[in-house]
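# Coordinates in review
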Amino acid sequence: MDQQSTEYLSKRQRWLRRQQEQESAHHRNKSAKRFKKFGIWVATVLVVGGGIGWLIWSAATQPPLPAGDIVSKNGIHWHPQLTITMNGKDQEIPANIGLGGAEEPIHTHDTTGTLHLEFPGLVTKDDIRLGHFFKIWGKTFTSQCIFDSCNGPNGQVAMTVNGKSNTEFDQYIMRDKDQIEITYSK
Ligand SMILES: [Zn+2]
């Protein structure tokens, strides 16, 4: 081989090497691009999947209010009547319960036992359970106890609504003009 052909080969080798380098650089670039594409795809799946997951989760944990739980959409002004008898003695229900500071939607104006249920807008069954009034009053009323008197040797808690025995006690959903009687007696 003469000088020229050696030079030619080495030139050609250099050219080949350069080609190879470019080729592998091209491949590196391609796989980097592919990796980037994969990353975008993963991010998209996470964002979209997360969004769908969040929608499902919030739908599951915050179900819309069932129509059966709505008492009124335009407010109420009802007047159930409450009497409490402790061992045969009438327990006075004070005036202005729930009107001291912030005006409560369940309150009294006088000592007649008339409860005023004055709610604006949406009213649910939970809003007008009898126990809600006792909570506002700051007194105990459950199926077991009225004030400090509980079921036991000293007596039993009983309730009637419009003359009929009722075992819902604090869970009772009040109606307009109800006559509610709570007694504690032996
Ligand atoms: Zn009223």
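For the structure itself, look to the data block above.
Residues numbered from 1 in each chain as written. Predicted model: local features only at pLDDT ≥ 70, side-chain atom pairs only at ≥ 80, totals over all residues. Heavy atoms only, no water.

### Quick word on the packing of aromatic side chains
- As enumerated under the stated definition, the model contains seven aromatic pairs in all.
- With 6.2 Å between their ring centres and 25° between their planes, Phe38 and Trp41 make a pair best called stacked. Of the two residues, Phe38 and Trp41 both sit in helix H1 (residues 3-61), three residues apart, roughly one turn of that helix.
- Both rings, one in Phe141 and one in Phe169, keep their centres 6.2 Å apart while their planes meet at 70°; by these two values the pair is edge-to-face. Residue Phe141 is found in the loop between helix H2 (130-137) and strand E8 (145-146), and its partner Phe169 is found in the loop between strand E11 (164-165) and strand E12 (179-185); the two are separated by 28 residues along the sequence. Here Phe141 matches Phe169 in class, with each residue buried. (Phe/Tyr/Trp six-rings, centres within 6.5 Å; stacked < 30°, edge-to-face > 60°. Helix = DSSP H or I, 4+ residues; strand = E, 2+ residues; numbered from the N terminus. Buried < 20%, exposed > 50% of the residue type's maximum accessible area, 1.4 Å probe, protein only.)

### A look at the coordination of the zinc ion
- Within the protein, the zinc ion binds to His77 (NE2), His79 (NE2) and His116 (ND1); these donor distances fall in the range 1.9 to 2.2 Å.
- Mapped onto the sequence, the residues coordinating the zinc ion show the spacing H-x1-H-x36-H. Of this pair, His77 sits in strand E2 (residues 76-78) while His116 is found in strand E6 (residues 116-119), placing the two residues 39 residues apart along the sequence. (Donors = N, O, S within 2.8 Å, 3.2 Å for Na, K, Ca; no water.)

### With respect to the sheet that holds strand E5 (residues 106-107)
- Pairing within the open sheet is antiparallel, and its three strands lie in the order E2-E6-E5. Bordering the open sheet on either side are E2 and E5, each of which pairs with just one other strand. (Pairing = 2+ DSSP bridges.)

### Some details on the pattern of salt bridges
- By the definition in use, this model includes two salt bridges.
- The residue Asp126 makes a salt bridge to Arg129 at a minimum N-O spacing of 2.6 Å.
- Its relative accessible area of 54% is what places Asp126 among the exposed residues.
- Using a relative accessible area of 22% as the deciding quantity, one classes Arg129 as partly exposed.
- Of the charged contacts in the structure, one is a salt bridge between Asp176 and Lys177, with a shortest N-O distance of 3.2 Å.
- Given the relative accessible area of 62%, Lys177 is considered exposed. (Salt bridge = Lys/Arg side-chain N within 4 Å of Asp/Glu carboxyl O.)

### What about the state of the cysteines?
- Under the criterion given, the structure shown has one disulfide.
- In this model, Cys145 is linked to Cys150 through a disulfide, with the two sulfur atoms separated by 1.9 Å. The disulfide joining Cys145 to Cys150 has a torsion of about 105° about its S-S bond and is therefore right-handed.
- Here Cys145 falls in the buried class, since its relative accessible area comes to 14%.
- Residue class for Cys150 comes out partly exposed when judged on its relative accessible area of 34%. (Disulfide = S-S within 2.5 Å.)

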